[in-house]
Amino acid sequence: MRIAPEASLCDGWLDVVTIGDLGKGKLLQAFPRVYKGTHITHPKIYLERAKKVCIECENRILLQADGELLGSGMVSFQVLPTALSILV
């Protein structure tokens, strides 16, 4: 799946994909496009780039990464240049 097809490991940006008010039927209809990365042209799917992203919610939310539960509550992500060495 190509959730953020333009994302780069070395550009210093987080590629953030969000889905607007899209009903279940329309979401299921658009989902196969994720495999080619063409879903980002959908008018209710947005791609933005940021150095830091903070997520807050009035209700308790659970944070999962790669299928693992990490915790709950407010979360923030930011780019830390050269924090990891990645071999491609």
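One can find the structure itself at the top, above this paragraph.
So, here is what we can say about the structure in this document. (Residues numbered from 1 in each chain as written. Predicted model: local features only at pLDDT ≥ 70, side-chain atom pairs only at ≥ 80, totals over all residues. Heavy atoms only, no water.)

What follows covers the side chain of H42. Structurally, H42 is set in the loop between α1 (24-30) and β2 (45-50). Within polar-contact distance, the side chain of H42 engages the backbone nitrogen of K44 at 3.0 Å. Ignoring sequence-local partners within four residues, the contact set of H42 consists of L22, A30 and R33. (Helix = DSSP H or I, 4+ residues; strand = E, 2+ residues; numbered from the N terminus. Polar contact = N/O pair within 3.5 Å; in protein donor to acceptor, adjacent residues only side chain to side chain. Contact = heavy atoms within 4.5 Å.)

Summed over the entire model, instances satisfying the criterion amount to one salt bridge. D15 serves as the salt-bridge partner of R49, at 3.2 Å between the closest nitrogen and oxygen. Placement of the pair is R49 in strand β2 and D15 in strand β1 (residues 14-19), with a sequence separation of 34 residues. (Salt bridge = Lys/Arg side-chain N within 4 Å of Asp/Glu carboxyl O.)

Further remarks concern a nonpolar patch on the surface. Taken together, M1, I3, F31 and Y35 make up a surface patch of nonpolar side chains, about 450 Å² in accessible area. Its location among the elements puts I3 in the segment before β1. (Patch = residues over 30% accessible without salt bridge, like charges linked within 9 Å, V, L, I, M, F, W, Y side chains within 5 Å. Areas by Shrake-Rupley, 256 points an atom, 1.4 Å probe, with all protein chains shown as cover.)

The subject of this paragraph is the environment of G71. Within the secondary structure layout, G71 lies in strand β5 (residues 68-72). What makes G71 partly exposed here is its relative accessible area of 28%. C-alpha of G71 to C-alpha of Y46: the two residues are 25 residues apart in sequence and 26 Å apart in space. Residues in contact with G71, not counting those within four places in the same chain, are I61, L62 and L63. (Buried < 20%, exposed > 50% of the residue type's maximum accessible area, 1.4 Å probe, protein only.)

Within this structure, the stated rule accounts for zero disulfides. C57 takes part in no disulfide bond, and the closest cysteine sulfur, belonging to C54, lies 14 Å away. (Disulfide = S-S within 2.5 Å.)

Don't take any of this as a statement about function, it's just geometry.
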